[in-house]
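Fold and contact review
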There are 2 protein chains.
Amino acid sequence: MLFFTQCFGAVLDLIHLRFQHYKAKRVFSAAGQLVCVVNPTHSLKYAPTRCAAAQASTEQGILPPCHHHEVVHDPQLVPCTCPLFSCPWEGHLEVVVSHLRQTHRINILQGAEIVFLATDMHLPAPTDWIIMHSCLGHQFLLVLRKQEKYEGHPQFFATMMLIGTPTQANNFTYRLELNRNQRRLKWEATPRSILECVDSVISDGDCLVLNTSLAQLFSDNGSLAIGIAITTSKAHSSEAEM
Amino acid sequence: MLFFTQCFGAVLDLIHLRFQHYKAKRVFSAAGQLVCVVNPTHSLKYAPTRCAAAQASTEQGILPPCHHHEVVHDPQLVPCTCPLFSCPWEGHLEVVVSHLRQTHRINILQGAEIVFLATDMHLPAPTDWIIMHSCLGHQFLLVLRKQEKYEGHPQFFATMMLIGTPTQANNFTYRLELNRNQRRLKWEATPRSILECVDSVISDGDCLVLNTSLAQLFSDNGSLAIGIAITTSKAHSSEAEM
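The rules behind the values
Residues numbered from 1 in each chain as written. Chains lettered and ligands numbered in written order. Predicted model: local features only at pLDDT ≥ 70, side-chain atom pairs only at ≥ 80, totals over all residues. Heavy atoms only, no water. Phe/Tyr/Trp six-rings, centres within 6.5 Å; stacked < 30°, edge-to-face > 60°. Helix = DSSP H or I, 4+ residues; strand = E, 2+ residues; numbered from the N terminus. Buried < 20%, exposed > 50% of the residue type's maximum accessible area, 1.4 Å probe, protein only. UniProt positions renumbered as here; feature names shortened; annotations may be inferred. Core = buried A, V, L, I, M, F, W, Y, C linked by side-chain atoms within 4.5 Å. Contact = heavy atoms within 4.5 Å. Polar contact = N/O pair within 3.5 Å; in protein donor to acceptor, adjacent residues only side chain to side chain. Arc of directions from axis to C-beta. Pairing = 2+ DSSP bridges. pLDDT = per-residue confidence, 0-100. Salt bridge = Lys/Arg side-chain N within 4 Å of Asp/Glu carboxyl O.

Some remarks on the packing of aromatic side chains
Any pair of aromatic rings gets described here by the distance separating the centres and the angle formed by the planes. By the definition in use, this model includes seven aromatic pairs over all chains. The interplanar angle of 90° and the centroid separation of 6.4 Å between the aromatic rings of F218 of chain A and W187 of chain B together place this pair among those described as edge-to-face. Taken together, the positions of F218 of chain A in helix α6 (residues 212-218) and W187 of chain B in strand β11 (residues 183-189) put the pair across two chains. Each member of the pair F218 of chain A and W187 of chain B is classed as buried. Note on W129 of chain B and F156 of chain B: the rings are 6.3 Å apart at their centroids and 45° apart in plane angle, and the pair reads as tilted. Taken together, the residues span a long stretch of sequence, with W129 of chain B in strand β7 (residues 127-135) and F156 of chain B in strand β9 (residues 153-162) at a distance of 27 residues. Of the two residues examined, W129 of chain B and F156 of chain B, each falls in the buried class.

Comments concerning the UniProt feature "domain: Seven-in-absentia protein TRAF-like" (unreviewed entry) in chain A
Mapped onto this numbering, the UniProt entry gives "domain: Seven-in-absentia protein TRAF-like" (unreviewed entry) at residues 134-228 of chain A. What you have in residues 134-228 of chain A is 19% helix and 58% strand, and the ends, taken at the C-alpha atoms, are 12 Å apart.

Observations regarding unusual backbone geometry
All names here are of chain A. With omega at -5°, the peptide bond leading from A125 into P126 counts as cis. Within the fold, P126 resides in the loop between β6 (113-118) and β7 (127-135). Although it is not a glycine, N181 sits at a positive phi angle of roughly 55°. Among the secondary structure elements, N181 is positioned in the loop between β10 (172-180) and β11 (183-189). You can call N181 partly exposed: its relative accessible area is 30%.

With respect to the nonpolar core
Ranked by internal contacts, the top residues of the largest apolar core, which has 68 residues, are F116, L144 and L185 of chain A together with F116, L144 and L185 of chain B. If we ignore the near neighbours within four places in the chain, the residues touching L144 of chain B are F116, A118, M121, T127, D128, W129, F156, F157, A158, L224 and I226 of chain B. In this structure, V78, I194, L195 and V201 of chain A belong to the second largest nonpolar core, which totals 21 residues.

Points about the side chain of R145 of chain A
One can find R145 of chain A in strand β8 (residues 138-150). At 2.8 Å, the side chain of R145 of chain A forms a polar contact with the side chain of D128 of chain A.

Describing helix α3 (residues 96-104) of chain A
Residue and element names in this part refer to chain A. Turning to α3, its buried residues number three or more, namely V96, V97, H99, L100 and H104. Down the axis, α3 shows its buried residues gathered within 165° of arc, on one side only. Residues of α3 that are buried sit in contact with β5 (108-110), β7 and β8. At the C-terminal side of α3, R105 shows a positive phi close to 55°.

Observations regarding the side chain of S219 of chain A
Residues and elements named next belong to chain A. Looking at the element boundaries, S219 is found in strand β14 (residues 219-220). Relative accessible area serves as the criterion here: at 13%, S219 is assigned to the buried category. Every residue in contact with S219, bar those within four places of it in the chain, is listed here: R180 and L224.

Section: the pairing of strand β15 (residues 223-232) of chain B
Residue and element names in this part refer to chain B. In terms of residue burial, β15 counts as a mostly covered element, since eight of its 10 residues are buried. Across six bridges, strand β6 (residues 113-118) lies against β15 in antiparallel orientation. Across the sheet, residue V115 finds its bridge partner in β15, namely G227. Sheet analysis places strand β10 (residues 172-180) next to β15, joined by six bridges and oriented antiparallel. Bridge pairing in β15 links L176 to I228.

Here's the deal with the confidence of the model for chain A
Do not read the fine detail of predicted coordinates wherever pLDDT is low. All names here are of chain A. Of all residues in chain A, 64% attain a pLDDT of 70 or more, and the chain-wide mean is 75. Considering only residues more than four positions removed or in separate chains, one finds that residues 27-31, a stretch of pLDDT under 50, has 10 contacts. Low pLDDT (under 50) marks residues 235-242, which in the prediction has 17 contacts with non-local residues, meaning those over four places away or in another chain. With pTM at 0.75, the complex prediction returns an ipTM value of 0.74.

Structural notes on the pairing of β11 of chain A
Two faces make up the sheet, and in a regular strand the side chains alternate between them. Buried residues dominate β11 of chain A, accounting for seven of its seven residues. Of the two faces of β11 of chain A, the one holding R183, L185, W187 and A189 of chain A and the one holding R184, K186 and E188 of chain A are both buried throughout. Relative to β11 of chain A, β10 of chain A runs antiparallel, the two being bridged by seven bridges. Of the residues in β11 of chain A, the one forming a bridge with Y174 of chain A is A189 of chain A. The sheet contact formed by β11 of chain A and β11 of chain B spans seven bridges and is antiparallel. Across the sheet, the residue bridging to A189 of chain A is R183 of chain B, located in β11 of chain B.

Quick look at the pattern of salt bridges
Applying the stated rule across the entire model yields 16 salt bridges over all chains. With its nearest N and O atoms 2.6 Å apart, the salt bridge here joins R183 of chain B to D206 of chain A. Here R183 of chain B, found in strand β11, pairs with D206 of chain A, found in the loop between α5 (198-204) and β13 (208-211), and the two come from separate chains. Taking the relative accessible area as the measure of exposure, R183 of chain B reaches 15% and is therefore buried. A relative accessible area of 10% places D206 of chain A in the buried class. R145 of chain B is the partner of D128 of chain B in a salt bridge, and the nearest nitrogen-oxygen pair spans 2.8 Å. Linking D128 of chain B in strand β7 with R145 of chain B in strand β8 (residues 138-150), this pair joins segments that are 17 residues apart in sequence. This pair shows no difference in class: D128 of chain B is buried, exactly as R145 of chain B is. Through salt bridges with shared partners, a single network forms among R183 of chain A together with R192, E196 and D206 of chain B.

Structure representation (structure tokens):
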């Protein structure tokens, strides 16, 4: 009996996901973009100062020596930058992608333009939605986080990190786009390197920030569709420096 | 002596404004847009519930009967919707523009695309920056407000209202664009009618919202340049309804 109930639940989930996929595809269909359904991940704990030292050293051009479990003595080693904070892994930059795929089961998508469909936006903070995006010969990590910066007022923060060095990251521009209910919100920026901490980017608010009411306006049946595009940073050359 | 000190101060202010105008023009020069320097206005008080009744009646297609000083018995009369709350004025929709110009000295600018340069972003909340924009045969009111929704955490809210009815407002789309430091943020939406309350739009967060750190990234020497464009709402026709 339990088996049949579970089977029935799984079929319902599948129909629900298929329906969401179809709806997101309708909105972004003009560009024929790939729609990826991303389920939430509950973070075990949040330690905002965890990467302060890593951030400081990255800004000075040094690989992060800090780690939330122990000090990394080999400067070539990178701690696991996946926002699942209980992970004690550390390794070289080249193997970060395989670690994220194998250990954290994070999907990787191909294509210059994709749609990230985050489900279950109603879940309480803190919650993360994470995906990897392979494009222009590099891998990027997209993180959408629901977090309470002000108690009782959860907000959504979305950013894209290059799984590479800050110098490599400067060659790209990423765009996140929300489009629904006769409203459109676009955020364009240079991706940060995964060597800089995703926590710092979010706590600094240097990313796409949505309050709950705006997230509700852009979401459909509890799912938020974010169009993602990555280009080489020539797009910024037209912007005059102030 | 006091006269000369004041003259010197005025000349310095003029040079400072000219310099800000020049810098904003450099950023938005590609489009040859008109740059307008907008000085802040301190609101005397904030009464968030002031227009709740107006909002409710506007949604039902009735002109707002409420007023923050007294009940308006003539449904053809509109209270002063300028966010300077001490104003007891009320009048017909057709004379709102001349009231705002004459009584509140709000500038009016012509052109489909302009740059709104808000000065002195550091001033404490609550502060408003307001301008009128004449375009496509209608007048619009742009309001940028610095407000503390969460105590100790001021945020910036920007929205555009049509000085006209909600039905007329549905024919337009406005775009607000920030562009600096290799970051770009665009907000596109249908303007709300001035018969709906600007306070409600801002308290609902259904507008461009910037936290302080993001506002600092986009501002230059304490001034924030916002590119504004208004089009007829055909632009939204490509968006599939969900």
